[in-house]
Amino acid sequence: MAARGSDADAAGREHGVTGRETWPLWEVFIRSSRGLSHVHAGSLHAPDAVMAVRNARDLYTRRGEGVSVWVVPSSAITASDVDARGAFFESAEGKEFRHATYYTASEGVPHL
Amino acid sequence: MSTATADDLTGDPAEEELTFQRLIDDDSRVEPTDWMPDAYRKTLIRQMSQHAHSEIIGMQPEGNWITRAPSLKRKAILMAKVQDEAGHGLYLYSATETLGIDRETMYEQLLTGKAKYSSIFNYTTPTWADMGSIGWLVDGAAICNQVPLCRCSYAPYGRAMVRICKEESFHQRQGFEILLTLMRGTPEQQRMAQESVNRWYAPALMMFGPTDAESPNSQRSMAWKIKRFSNDDLRQRFVDMIVPQAEILGLTLPDPDLKWNEERGHYDFGELDWDEFYAVLAGHGQANTVRLANRRAAHEEGAWVREAARAYAEREDADRSAALERIA
C-alpha cells in the first residue's frame, strides 16, 4: 500500500507499478532570503541528492525565489500520526496561561 | 510517532465522513493524510493528472516555434515559457502523487491515451501569431480557470496553483505583446494576427468545458469546493475580460453575436460548436496523433538517460555528502 503522507511522504513508492525505471521522491525546502528559514516548496523526482538539488533549482527558483535549497528524501521524513492528532496535540489545549494575553492584571502598566 | 499511512485508519468511518464534511463546510483545506471519500480522491486524481498532462503536452504547440522565433529575445522568452509549462506539469504531478497514485502510472495513462489532456493543445500552430494567440487567449482562459483553483479544498492542488498562477500572468502578457507588435506592423502582420485570433477564439472559449447543463460532474465538484465557479460562469468572465482587450489590440473577435447586454451587465456571445469540441476530445483534432506520438518518443528515447542517471547515482552513493558540500 502506498503511503499517503504529508506532501512529502512517499515511503515505499520508489518503484512504479509498471516496474520501469523510477527515480525516488525528494522534498524541497527553499530559503527565500537571508534571515528566513527554509520552507517546504514541493517535491520532485531525482536519481540522487546532487541531481535533486539541481532539479530543485530549475523547478522552484526560476525567478530568484531562493538563496539556498535543501533536499530530503521523502522516505526519510517521519510524521506525527495523523489519526492520533487529537491526543497527540492535546497537552497544548486548555493552557491559556502559556499566552501573554492570559495575564490582565498588568493592563495599563507601561512596557509590560 | 509513526510514518503516516492510509492503512492505519481507525475508528468509525461515519465520524471520518463528518470530519471531512466539516473541513469542506468551514472552507478549510483537506490535507493528504486526512480521510476523504473515494469519489473525492478519484475526481481529484483525474482532474489533477489531466491538468498535469495538459501542461506537458502544452509544451509542444509552442516548442514548434522556438527555432523560428523572430528574434533572439523572442526565442529566449518562448524557451522560458515552455520551461514554465514543464515546471507546472511537475508541480501538478507531485501534488497528484499525494493522493496515492505514482508518477509512472500517470505517465502510462497519458502515453496509452487512457488519460485525457486539454483539447486546446490538439490545434496546430502554423503561424508566429499563434504564439501571441496562445499566450493571450489560451493562457488567459487558463488563468480564469486556475485562479479559483488556488482556493481548491484539496490543499496540495491549491498550493501548486498559487505557484502556477504567479507564473501564468507573464505568459498572458507576453502573448498580448506579440499580438500588439503585429498589429502595429505591416498590413500582412495585422492580417496574420487577425487570422490567428479567428482560429483560437472559439477553442479558447471551449477550454472551460461543456455548458453547465451538459456537465453533470460539475455540481459535485462545486459541492466539494474543488471547483468554485461553473464552466459557464468562468466562460462569461473570460469573454467580459477579453472584449476590451481585443479593442485595445484593434482585433475583431470572430463572433457576430458578441454584444454588450446592458441588462445582464455582461457580453452576450454566440453558441459554440460543441460537435467540434467532442470530435477533438474523441481524438479527431488536428494534432492528437502527433502530440501523443511526440510525447511517447520523448519518454522512450529518454529512458536510457533515466536508467544511466540511476546507475550513476548508485555508484556515487558513498560520495553523496561530499558532493553536496561542493555545490552548496
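Procedures and definitions
- Residues numbered from 1 in each chain as written.
- Chains lettered and ligands numbered in written order.
- Predicted model: local features only at pLDDT ≥ 70, side-chain atom pairs only at ≥ 80, totals over all residues.
- Heavy atoms only, no water.
- Helix = DSSP H or I, 4+ residues; strand = E, 2+ residues; numbered from the N terminus.
- Buried < 20%, exposed > 50% of the residue type's maximum accessible area, 1.4 Å probe, protein only.
- Contact = heavy atoms within 4.5 Å.
- Areas by Shrake-Rupley, 256 points an atom, 1.4 Å probe, with all protein chains shown as cover.
- Pairing = 2+ DSSP bridges.
- Axes fitted to C-alpha atoms, helices over the stretch in contact; angles between N-to-C directions.
- Expected span 1.5 Å × (residues − 1).
- Bend = angle between axes of the 7 residues up to and from the residue.
- pLDDT = per-residue confidence, 0-100.
- Core = buried A, V, L, I, M, F, W, Y, C linked by side-chain atoms within 4.5 Å.
- Phe/Tyr/Trp six-rings, centres within 6.5 Å; stacked < 30°, edge-to-face > 60°.
- Lys NZ or Arg CZ within 6 Å of the ring centre and 35° of its normal.

A count of helices and strands for chain A gives two helices and three strands. When the helices and strands of chain A are listed from N to C terminus, the series reads β-β-α-β-α. Out of the 112 residues belonging to chain A, those deemed buried represent 34%. At a minimum sequence separation of 6, the contacts of chain A that also span at least 24 residues come to 40%. As presented, chain A carries roughly 6,700 Å² of accessible surface, and 55% of it is formed by carbon and sulfur atoms.

The subject of this paragraph is the sheet that holds strand β1 (residues 25-31) of chain A. All names here are of chain A. In spatial order, the strands read β2-β1-β3; together these three strands make up an open sheet with antiparallel pairing. The open sheet has two edge strands, β2 (38-45) and β3 (68-73), and neither has a second partner. Taking each pair of neighbouring strands and ignoring which way they run, the sheet shows an average axis angle of 30°. Two strands pair when backbone bridges link them, and β1 and β2 are joined in this way by seven bridges, in the antiparallel orientation. Paired with F29 across the strands is H40, a residue of β2. Relative to β2, helix α1 (residues 49-60) is tilted by about 110°, and along the sheet it contacts β1, β2 and β3.

Right, let's talk about helix α8 (residues 187-206) of chain B for a bit. All names here are of chain B. Look at α8: 30 Å from first C-alpha to last across 20 residues, which is about the 28 Å you get at 1.5 Å a residue. W200 marks the point of greatest bend in α8, at about 30°, and the proline P203 comes within the next four residues. Those residues of α8 not exposed but buried are A193, Q194, S196, V197, W200, Y201, P203, A204, L205 and M206.

Here the focus is the confidence of the model for chain A. Overall, the predicted model of chain A reaches an average pLDDT of 82, with 81% of residues at or above 70. Averaged pLDDT values over the elements of chain A bottom out at 82 in helix α2 (residues 85-88) of chain A and peak at 97 in β3 of chain A.

Our next topic: the packing of helix α7 (residues 155-183) of chain B against helix α10 (residues 231-249) of chain B. Packing of α7 of chain B against α10 of chain B leaves a shortest axis separation of 10 Å and a crossing angle of 35°. Along the contact surface, α7 of chain B presents Q172, F176, L179, L180 and M183 of chain B, while α10 of chain B presents M241, Q245, I248 and L249 of chain B.

So, on to the nonpolar core. Ranked by size, the top nonpolar core spans 94 residues in total, and within it W136 and Y154 of chain B carry the most contacts. Beyond its immediate chain neighbours, meaning those up to four positions away, Y154 of chain B contacts V30, E31, P32, M36, Y40, L44, M48, A95, T98 and L99 of chain B.

Our focus in this paragraph is α10 of chain B. Three- or four-residue spacings in an α-helix give side chains the same orientation, since the helix completes a turn every 3.6 residues. All names here are of chain B. Counted at 1.5 Å a residue, the expected span for α10 with its 19 residues is 27 Å, and the 26 Å between its end C-alpha atoms agrees. Among the residues of α10, N231, L234, R235, Q236, F238, V239, D240, I242, V243, A246 and L249 are the ones counted as buried. Each element contacted by the buried residues of α10 is listed here: α6 (129-149), α7, α8, α9 (216-223), β2 (266-268) and α11 (274-284). Once α10 finishes, G250 follows within two positions and takes phi at roughly 80°, a positive value.

It is worth spelling out the pairing of β1 of chain A at this point. Residues and elements named next belong to chain A. For β1, a buried count of six out of seven residues is recorded, marking the element as mostly surrounded by other parts of the structure. Examined bridge by bridge, β1 and β3 share six bridges and lie antiparallel to one another. Following the sheet pairing, E27 is matched in β3 by V72.

For E167 of chain B, the position within the fold is in helix α7. Looking at E167 of chain B, the relative accessible area reads 3%, which means it is buried. Apart from residues lying up to four places away in sequence, E167 of chain B is in contact with R62, R63 and E65 of chain A together with D84, H88 and Y91 of chain B.

Further remarks concern the packing of aromatic side chains. All names here are of chain B. According to the stated counting rule, one finds 15 aromatic pairs over all chains in the structure shown. With a centroid separation of 5.4 Å and 85° between ring planes, the pair formed by Y40 and W224 is classed as edge-to-face. With Y40 in helix α2 (residues 38-57) and W224 in the loop between α9 and α10, the pair connects residues that are 184 residues apart, well separated along the chain. Through successive ring pairs, a cluster of aromatic residues spans F20, W35, Y40 and W224. Directly above the aromatic system of W65 lies the positively charged group of R68, at a separation of 4.1 Å from the ring centroid. It is R237 that lies over the ring of F229; its NZ or CZ is 4.3 Å from the centre.

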